[in-house]
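Commentary on secondary and tertiary structure
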Amino acid sequence: MSLLRRDVLGIVAKLSECIASKGGNILGADIFVPENNQVFYSRSEFVFDPAKWPRVQMEEDFLKLSKMFNAMRSVVRVPALDPKYKIAVLASKQDHCLVDLLHGWQDGRLPVDITCIISNHERGSDTHVIRFLERHGIPYHCLHTTKGNKREAEILDLVQDTDFLVLARYMQLLSGDFLSSYGKDIINIHHGLLPSFKGGNPSKQAFDAGVKLIGATSHFVTEELDSGPIIEQMVERVSHRENLHSFILKSENLEKQCLAKAIKSHCELRVLPYGENKTVVF
C-alpha cells in the first residue's frame, strides 16, 4: 500500500490501527518526509486473511483512511488477488532489453502480462524473438515509421487496454499529443553514456574515449527527451582490458537489469512522484 499526502500527526498510527483491526500483520514499512515537512510518503507491506478481510472491504477501509487525511494519492494492491499489470512493449532493432523482458515474464520475475510487442523493424519469422512470441501467443506488430509519420494513432489503438508502456530501446520519439492521449505511465531505458556520446554508435564512441564508468538509466517518459523522472540507475566500472565486444555486452547487461528493476519497482508500488521531476523509490 502506498500513501502520499501532506504531513500531519497520526498517519502511521491510523494506518497501523486499520491493518491490525482487521487481523493484518505489517511485514515492512517505509516512510519519507522531506525537510520541509510538506509531504508524507509511506509504503507498507502486510499479510492478512482474505476470508476475514475481503478485497472490497479493504478498498473501502483504505478509502476512508485516505479521505480522513485528504490523501493526494492512495493505492492498494494485493498481488495474490489483483490481476497482473497489462503492458505493451515497444522496441526497435536491438533485442537485448526485449528478450530479457520476455524471459522475465516467462519466468514470473516480472508481475506483468505482455499484451503485444510493437516495433518499427521487421523481424524474420525464423528469429528467436518471433518464435518465442508465436509459441506464447503474444502478437507482434511491425509499424514502419518515417520522419513524417510515426504511426502513433495505430500504436494508440493497440495499447488502449494497457496499464503502462515499456520502451525497450525504442528509437523513436513519442509526441506530446501521444503522451497526453495515452495518459498513463511510459517507462524508458537508455544507456548512461549521455550526454557526452550522442548520435550513432555511442558505445564505440565511449570505448574509443577510454571511459572508466558506464551505466544505464530508466525513467518515465515526458515531452522533453530523456529528461523524465528517474526510476533507476546502474553503473559499472570498465577498464583498459575491455575490448569493444565486452564493453558493449557490459553496457547492454546494465540496460537489461536497470529496466527490469524499474518495471518491478513500478509494479510493486515503490515509485512515487517527488517534486516536479523527481521520484521517491522505496
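Structure's up top.
Okay, so let's go over this structure. (Residues numbered from 1 in each chain as written. Predicted model: local features only at pLDDT ≥ 70, side-chain atom pairs only at ≥ 80, totals over all residues. Heavy atoms only, no water.)

Structural notes on the side chain of Arg-123
Along the chain, Arg-123 falls in the loop between β6 (112-119) and α4 (128-136). In this structure the side chain of Arg-123 is engaged in a polar contact, spanning 2.5 Å, whose partner is the backbone oxygen of Ser-92. Of the polar contacts made by the side chain of Arg-123, one reaches the side chain of Tyr-140; its length is 2.8 Å. For Arg-123, the residues in contact, after removing those within four places along its chain, are Ala-91, Ser-92, Lys-93, Gln-94, Asp-95, Leu-98, Val-129, Ile-130 and Tyr-140. (Helix = DSSP H or I, 4+ residues; strand = E, 2+ residues; numbered from the N terminus. Polar contact = N/O pair within 3.5 Å; in protein donor to acceptor, adjacent residues only side chain to side chain. Contact = heavy atoms within 4.5 Å.)

Focus: helix α7 (residues 202-209)
Looking only at α7, the buried set comprises Pro-202, Ser-203 and Ala-206. Considered in projection along α7, the buried side chains sweep an arc of 100 degrees and stay on one side of the axis. Those residues of α7 that are buried are in contact with β9 (186-191) and α8 (244-267). Trailing α7 by a residue or two, Gly-210 shows a phi angle of about 70 degrees, which is positive. (Buried < 20%, exposed > 50% of the residue type's maximum accessible area, 1.4 Å probe, protein only. Arc of directions from axis to C-beta.)

Remarks on the sheet that holds strand β7 (residues 140-142)
Taken together, the seven strands give an open sheet; going across it, the order is β7-β6-β5-β8-β9-β10-β11, and neighbouring strands pair in mixed fashion. Pairing within the sheet leaves two strands with one partner each, and these edge strands are β7 and β11 (230-237). Going across the sheet, the axis of each strand differs from the next one's by a mean of 20 degrees, ignoring polarity. (Pairing = 2+ DSSP bridges. Axes fitted to C-alpha atoms, helices over the stretch in contact; angles between N-to-C directions.)

With respect to the environment of Glu-252
One can find Glu-252 in helix α8. Look past the residues within four positions of Glu-252 in its chain and what remains in contact with it is Gln-94 and His-96.

A look at the environment of Glu-154
Within the fold, Glu-154 resides in helix α5 (residues 152-159). Residues Glu-154 and Asp-49 lie 105 residues apart in sequence; the distance between their C-alpha atoms is 44 Å.

Digging into the packing of helix α1 (residues 11-21) against helix α2 (residues 55-68)
Look at α1 against α2: their axes get within 11 Å of each other, and the N-to-C directions meet at 165 degrees. Taken together, α1 and α2 sit at an angle that is classed as roughly antiparallel. Seen from above, α1 lies across α2 with right-handed handedness. Here α1 contributes Lys-14, Leu-15, Cys-18 and Ile-19 to the contact with α2, which in turn contributes Asp-61, Phe-62, Leu-65 and Met-68. Looking at the contact of α1 with α2 residue by residue, the classes come out as six nonpolar, no polar and two charged. (Parallel < 35°, antiparallel > 145°, perpendicular 65-115°, else oblique. Left-handed = near helix turned anticlockwise from the far one by under 90°. Nonpolar A, V, L, I, M, F, W, Y, C, P; charged D, E, K, R; others polar.)

Observations regarding the pattern of salt bridges
Applying the stated criterion to the full structure yields 17 salt bridges. For the salt bridge of Lys-22 with Asp-61, the shortest nitrogen-to-oxygen distance reads 3.6 Å. Of the two residues, Lys-22 is situated in the loop between α1 and β2 (25-32) and Asp-61 in helix α2; the sequence distance between them amounts to 39 residues. (Salt bridge = Lys/Arg side-chain N within 4 Å of Asp/Glu carboxyl O.)

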